[in-house]
Amino acid sequence: MAATVTWEALRELAGFRSERGCAFSLYLDLDPSSTPTPADAETRLRSLLARAEKQFANGGGRAHDEKVAVGRDLERIRQWWSGEFDRDGARGVAIFVSSTDRFWRVLPLPRAVPDDVYLGRELRLTPLVDLAGDGDGSFVAFVNRERGQVFQLRGGRLQEVVDRTEEQPGQHDQGGWSQARFRRHIEKLVAEHLKKVGGEIDKRVRRSRGPQLVIVAPEELRSEIGDALSAEARESIVGWASAEAHATPGELLEVARPHLERARVARVGAALERWREERGKHGRASAGWAETLAAASDGRVEQLLLEEGADRKAFRCPKCGRAEASGGSCPLDGTELEPGAAADLAVQHTLAHGGVVATVLRGQLADAEGIGALLRF
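Let me begin by describing the structure that accompanies this report. (Residues numbered from 1 in each chain as written. Predicted model: local features only at pLDDT ≥ 70, side-chain atom pairs only at ≥ 80, totals over all residues. Heavy atoms only, no water.)

## A closer look at the sheet that holds strand β8 (residues 213-216)
The strand order across the open sheet built from 5 strands is β7-β6-β5-β8-β9, with neighbouring strands paired in mixed fashion. Because the sheet does not close on itself, it has two edges, and the strands there are β7 (157-163) and β9 (237-241). On average, adjacent strands in this sheet sit at an angle of 25 degrees to one another, irrespective of strand direction. Its contacts with the sheet put helix α8 (residues 249-280) on β5 (139-143), β6 (148-154), β7, β8 and β9, and the angle it makes with β9 is roughly 135 degrees. (Pairing = 2+ DSSP bridges. Helix = DSSP H or I, 4+ residues; strand = E, 2+ residues; numbered from the N terminus. Axes fitted to C-alpha atoms, helices over the stretch in contact; angles between N-to-C directions. Contact = heavy atoms within 4.5 Å.)

Set out below in C-alpha cells:
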C-alpha cells in the first residue's frame, strides 16, 4: 500500500546527510498507464540500476571503498525488488539507501514519479514535495438519510474512520400511524442521525490541524448537515459533492478529488499573493536563486515557491552543507564549494529547517528566476 508522504516525513529525510557522499535516491514510475505489468516495472528498474552502475559504480573520481559501497547499495535494491517488493496499488516508489551510513528507506507512492537516480551526500526529495500537499489527511464524509461514514485520505486511498449508518423505518413499518405522524417520526430520526454524524465529523476536525473536508451528500440534505456541524467544521469544508447511495470509497475519492485540487490551487495562489505583497514592500520575501538559497541555508524560509521545472547549477559546501548560487569558498568555513542542483539544494534546506514547499505554474515567478520564498525573518 502506498505510504503517506507528510511534511514531517520529508523533514526527517532532509535531515539525513551521508558522511561520504554515498546515498542513493531512486525513483521508479509504477503508474499502470506507463508500467502496466510486473515485467514492465522490472525493465524500468534494471534500466535505472544499469545507468547508476555506469555513472557511479564504475565511474572515475571515487575511491575503491566508495565504489564498493555503491555496488553494495545497488545490489541491496535488486534483492529488495526480487524478494520484498509488493506493488499493492502503489503508482510509484522512492528508495533511499546508504549502507555506509546504515540507512534504508522505501516509500511506495500514491502518485507516479518520473524515473530518476541520484547519488550524493543529501537525499533528492524534490519529486516528493507535491505529494506532501496532495490532500493526504483530508476527510471525506458520505452522508444521506441513512448512511453516515467518515473517511480519511491516507496513501492515496480513503480509509474509514467512523461508520454511523442507521437503517431508517420504511413504509412497511407504518402500522397504525397516520401518514403525517409517521412522516414527522421519520424526519425526527433523520435529524438525530445527521446530528450524530455531524458530531463525529466535529471530533475528527478538532483532532487535526487545519484539515480539509469534502462532504458527499444529496442536495436536499446539505442545509441540515451544515446546521449539524460546528463552526470549525464548516470552515474546513472545501467542497460538496454527490454520489450514488452505494458508492465505494474509490468512487467517493473520485468525486472528492477535484475539490481537494481546487483547494490546493487556492492555497498556492494565496501564498503567491502574500509573496508579491511582501516583496513589493521589501518585507519577508526573497526572490531569485542567490537570495533564496542563502535564506534557505540560514533556516529563514517558511515557504519555498518553486516554478515547475525551475533549476540551475548551484554550489554547496561539502563540510557544512551551505548552498550558494555562485562558486568559490564557503562564506562560513572557507571550504571550496562543489557543484550541485539548485532546486534540490533549496528544497533540502527548506525542509531540513522546518519549512514547506509549493510548486507553482511556469511563468508565475518569471521575474524572480523561477524561485522565491516567504521568510520567517
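Moving on from the coordinates now.
## A few points about the environment of Asp134
With respect to the helices and strands, the residue Asp134 is situated in the loop between α4 (129-132) and β5. Sequence separation of Asp134 and Ser329 is 195 residues, and the distance between their C-alpha atoms is 39 Å. When near neighbours in sequence (up to four residues on either side) are disregarded, Asp134 contacts Arg111, Leu153 and Arg257.

## Some points on the packing of helix α1 (residues 7-14) against helix α10 (residues 342-352)
Two elements in contact, α1 and α10, have axes whose closest approach is 8 Å; the angle formed by their N-to-C orientations is 110 degrees. Overall, the two elements α1 and α10 adopt an arrangement that is roughly perpendicular. On α10, the residues touching Trp7, Leu10, Arg11 and Ala14 of α1 are Gln348, Leu351 and Ala352. Its residues placed into classes, the contact of α1 with α10 shows 5 nonpolar, 1 polar and 1 charged. (Parallel < 35°, antiparallel > 145°, perpendicular 65-115°, else oblique. Nonpolar A, V, L, I, M, F, W, Y, C, P; charged D, E, K, R; others polar.)

## A few points about the sheet that holds strand β10 (residues 285-287)
The strand order across the open sheet built from 4 strands is β10-β16-β11-β15, with neighbouring strands paired in mixed fashion. Pairing within the sheet leaves two strands with one partner each, and these edge strands are β10 and β15 (356-360). Pairwise comparison of adjacent strand axes, ignoring direction, gives a mean angle of 20 degrees for this sheet. Bridge count between strand β11 (residues 301-307) and β15: 5 bridges; the pairing is parallel. Looking at the pairing, Leu306 lines up with Thr359 of β15. Helix α9 (residues 289-297) contacts β10, β11 and β16 (371-375) of the sheet and is inclined by roughly 135 degrees relative to β10.

## Focus on the pattern of salt bridges
In this structure the tally under the stated criterion is 30 salt bridges. Arg322 serves as the salt-bridge partner of Asp298, at 2.7 Å between the closest nitrogen and oxygen. Taken together, the residues Asp298 in the loop between α9 and β11 and Arg322 in the loop between β12 (313-316) and β13 (323-324) connect sequence positions 24 residues apart. Here Asp298 falls in the partly exposed class, since its relative accessible area comes to 41%. Among the charged side chains, a salt-bridge network with shared partners connects Arg17, Glu122, Arg316 and Glu338. (Salt bridge = Lys/Arg side-chain N within 4 Å of Asp/Glu carboxyl O. Buried < 20%, exposed > 50% of the residue type's maximum accessible area, 1.4 Å probe, protein only.)

## Considerations on the side chain of Gln152
Within the secondary structure, Gln152 sits in strand β6. One polar contact links the side chain of Gln152 to the main-chain carbonyl oxygen of Gly137, over a distance of 2.9 Å. Every residue in contact with Gln152, bar those within four places of it in the chain, is listed here: Gly137, Ser138, Phe139, Arg157, Leu158, Gln159, Val161 and Ser208. (Polar contact = N/O pair within 3.5 Å; in protein donor to acceptor, adjacent residues only side chain to side chain.)

## Quick notes on the side chain of Ser138
Counting through the fold element by element, Ser138 comes out in the loop between α4 and β5. A distance of 2.6 Å separates a polar side-chain atom of Ser138 from the backbone oxygen of Gly135. There is a polar contact of 3.0 Å between the side chain of Ser138 and the side chain of Gln212. Leave out the neighbours within four places in its chain, and Ser138 touches Phe151, Gln152, Leu153, Gln212 and Leu260.

## Quick notes on α10
Note on helix geometry: an α-helix contains 3.6 residues per turn, so any two residues three or four positions apart are oriented the same way. Summarising burial for α10: 10 of the 11 residues are buried, a large majority. All of the buried residues in α10 are Ala342, Ala343, Asp344, Leu345, Ala346, Val347, Gln348, His349, Thr350 and Leu351. Backbone geometry just after α10 places Gly354 at a positive phi near 90 degrees.

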